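The chain contents come next:
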Amino acid sequence: MLQKNIFKCFLILCTLLQLENVAQAQYATDYSFESYKIKDGLSIGTTNTIFQDELGYIWAGTIGLERFDGYVFKNYRSNVLDSNALKPGNQYDIEEDARGNLWVANSRYLSFLNRKTDVWKNFQDVKYPGSMFDLVVDEVNKQVYATSNGFGLLSYHYDSNTWEQFQLVKDTSNKKNLKNVFNNLVKLDNNHLLISTNNGLLLFNTQTKKFEKAYLQSENPLQEIIFLRFTQIDATHYYIGSNKGVYIYSLNEGPVLAFQNKANDANSIMGDNINGIYFDQKKQELWLGIVEMGIDIVHLKNKNITHLNINTYPIKSIVKNRVNEIIKDKQENIWIATTDGALS
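First, a word on what this report is: a plain description of the structure on this page. Please read all numbers here as calculations on a predicted model, not as lab measurements. (Residues numbered from 1 in each chain as written. Predicted model: local features only at pLDDT ≥ 70, side-chain atom pairs only at ≥ 80, totals over all residues. Heavy atoms only, no water.)

Thoughts on the overall build of the chain
Looking only at helices and strands, the chain has 2 helices and 30 strands in total. Considering only contacts in the chain between residues 6 or more positions apart, those separated by 24 or more positions represent 46%. Accessible surface, the chain: about 16,100 Å² in total, of which carbon and sulfur atoms supply 49%. (Helix = DSSP H or I, 4+ residues; strand = E, 2+ residues; numbered from the N terminus. Contact = heavy atoms within 4.5 Å. Areas by Shrake-Rupley, 256 points an atom, 1.4 Å probe, with all protein chains shown as cover.)

Put into structure tokens, the structure is as follows:
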């Protein structure tokens, strides 16, 4: 019933309403968005991440966690008087395990929501006080990997309530190290995680617990490539957004530049600083959130690019705000997390 209601509500509310002949949508005016902000029930305008669970609910990470059922938002917020509440801070990533429970990367906590009891548990190791950004849940080994702001790769073993830390540069000071700022990660196979950093990419072997390879690192700060989010293309390939354009990655080939802005070329991407990225395999479209410029939709079948920017799109708030994440829901609506709420 939930998915049916959400589907009906989304269509009425124009949750990314493209033209009926969606495959032909090529122009900026072919796309229409509905926005959700504080007035609609969000705790705050800035939405860091967005996620859809197996039941069909849309979850938005703000300074709390917001669950949208197609009609109203349910807000999970901190409460100093309730030990079973979500801890305060920005929520940067949301993942679901096989039992339908949620794991959330909080500013300083790893938070767990038991969906049956609707009760939170919050885990923290005081040795690693930096924010956690992105998660991979490894249920086989009963652990959760998390990237962090200056403390490297963290691993929480939830069966033993213990933590492990894996640093690129060894630092025992318990203070933030800029070379250990890890942004996002993705599980490539049973043995490897790929990690985006402020200076290239890292390949981590989960069996040997060592960094196996570094890609595109530079000793010159002016030439460092900041990599952020991943989006999967197929079983072995990923697109990765960076501050120098879009790269394509496979374990066999490593990272290769795929899209970059070309001066005076209207059919190149608008800019190279890519924060949000999503690949629509069915439509063969690559969605890009370009910092301070707007949204590009790369139509891979015909090589054309639709620019949603301040000159082409009538709703200026979409292109003036930073795009943090882009996803597609089960009804094939696109959702975009921005610094001014959620768009869909």
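A few points about the environment of Phe227
Tracing the sequence through the fold places Phe227 in strand S20 (residues 227-232). Residue classification places Phe227 among the buried residues on the basis of a relative accessible area of 0%. Separated by 48 residues in the primary sequence, Phe227 and Asn275 place their C-alpha atoms 8.8 Å from one another. In this view, Phe227 contacts Asn183, Ser196, Thr197, Gly200, Leu201, Leu216, Ile240, Gly241, Ser242 and Tyr247; residues no more than four positions away in its chain are not counted. (Buried < 20%, exposed > 50% of the residue type's maximum accessible area, 1.4 Å probe, protein only.)

What about the sheet that holds strand S23 (residues 254-259)?
Taken in spatial order, the 4 strands make up an open sheet running S20-S21-S22-S23, and their pairing is antiparallel. Whereas interior strands pair on both sides, the edge strands pair on one side only; in this sheet they are S20 and S23. Pairs of neighbouring strands in the sheet enclose a mean axial angle of 30°, with direction left out of account. Pairing of strand S22 (residues 245-250) with S23, which is carried by 5 bridges, proceeds in the antiparallel orientation. The partner of Val246 across the bridge, within S23, is Phe259. (Pairing = 2+ DSSP bridges. Axes fitted to C-alpha atoms, helices over the stretch in contact; angles between N-to-C directions.)

Side note on the sheet that holds strand S8 (residues 93-96)
Across the sheet, which stays open at both edges, the 4 strands sit in the order S8-S9-S10-S11 with antiparallel pairing between neighbours. Where the open sheet ends on each side, the last strands, each with one partner, are S8 and strand S11 (119-123). Averaged over all pairs of adjacent strands, the angle between their axes in this sheet comes to 20°, without regard to strand direction. For strand S9 (residues 102-105) and strand S10 (residues 110-114), the ladder comprises 4 bridges, and the chain directions are antiparallel. Paired with Leu102 across the strands is Leu113, a residue of S10.

Regarding the packing of aromatic side chains
Taken as a whole and judged by the stated rule, the model has 18 aromatic pairs. Residues Trp103 and Tyr158 carry aromatic rings whose centres are separated by 5.3 Å and whose planes lie at 35° to one another, so their mutual orientation is tilted. With Trp103 in strand S9 and Tyr158 in the loop between strand S14 (153-157) and strand S15 (162-166), this pair connects stretches of sequence that are 55 residues apart. Note on Trp103: relative accessible area 2%, which makes it buried. We classify Tyr158 as partly exposed; its relative accessible area is 22%. Arranged with centres 5.0 Å apart and planes meeting at 50°, the rings of Phe166 and Phe204 form a pair that is tilted. Here Phe166, found in strand S15, pairs with Phe204, found in strand S18 (residues 200-205); they are 38 residues apart in sequence, far enough to count as distant. For the pair Phe166 and Phe204, a shared accessibility class is recorded, and that class is buried. The side chain of Arg67 reaches across the aromatic face of Tyr57, ending 4.2 Å from its centre. (Phe/Tyr/Trp six-rings, centres within 6.5 Å; stacked < 30°, edge-to-face > 60°. Lys NZ or Arg CZ within 6 Å of the ring centre and 35° of its normal.)

Describing unusual backbone geometry
For Lys142, which is not glycine, the phi dihedral falls at a positive 55°. Checked against the element boundaries, Lys142 lands in the loop between strand S12 (132-138) and strand S13 (143-148). Given the relative accessible area of 42%, Lys142 is considered partly exposed. The phi angle at Lys303 is positive, at roughly 70°, despite the residue not being glycine. The topology assignment puts Lys303 in the loop between strand S26 (294-299) and strand S27 (304-308).

Regarding the side chain of Thr49
Examined against the element boundaries, Thr49 turns out to sit in strand S4 (residues 49-52). Here Glu325 takes part through its side chain, which lies 2.4 Å from a polar atom of the side chain of Thr49. Dropping the residues within four chain positions of it, Thr49 is found in contact with Trp59, Ala60, Gly61, Gln91, Tyr92, Asp93, Ile94, Glu325 and Ala337. (Polar contact = N/O pair within 3.5 Å; in protein donor to acceptor, adjacent residues only side chain to side chain.)

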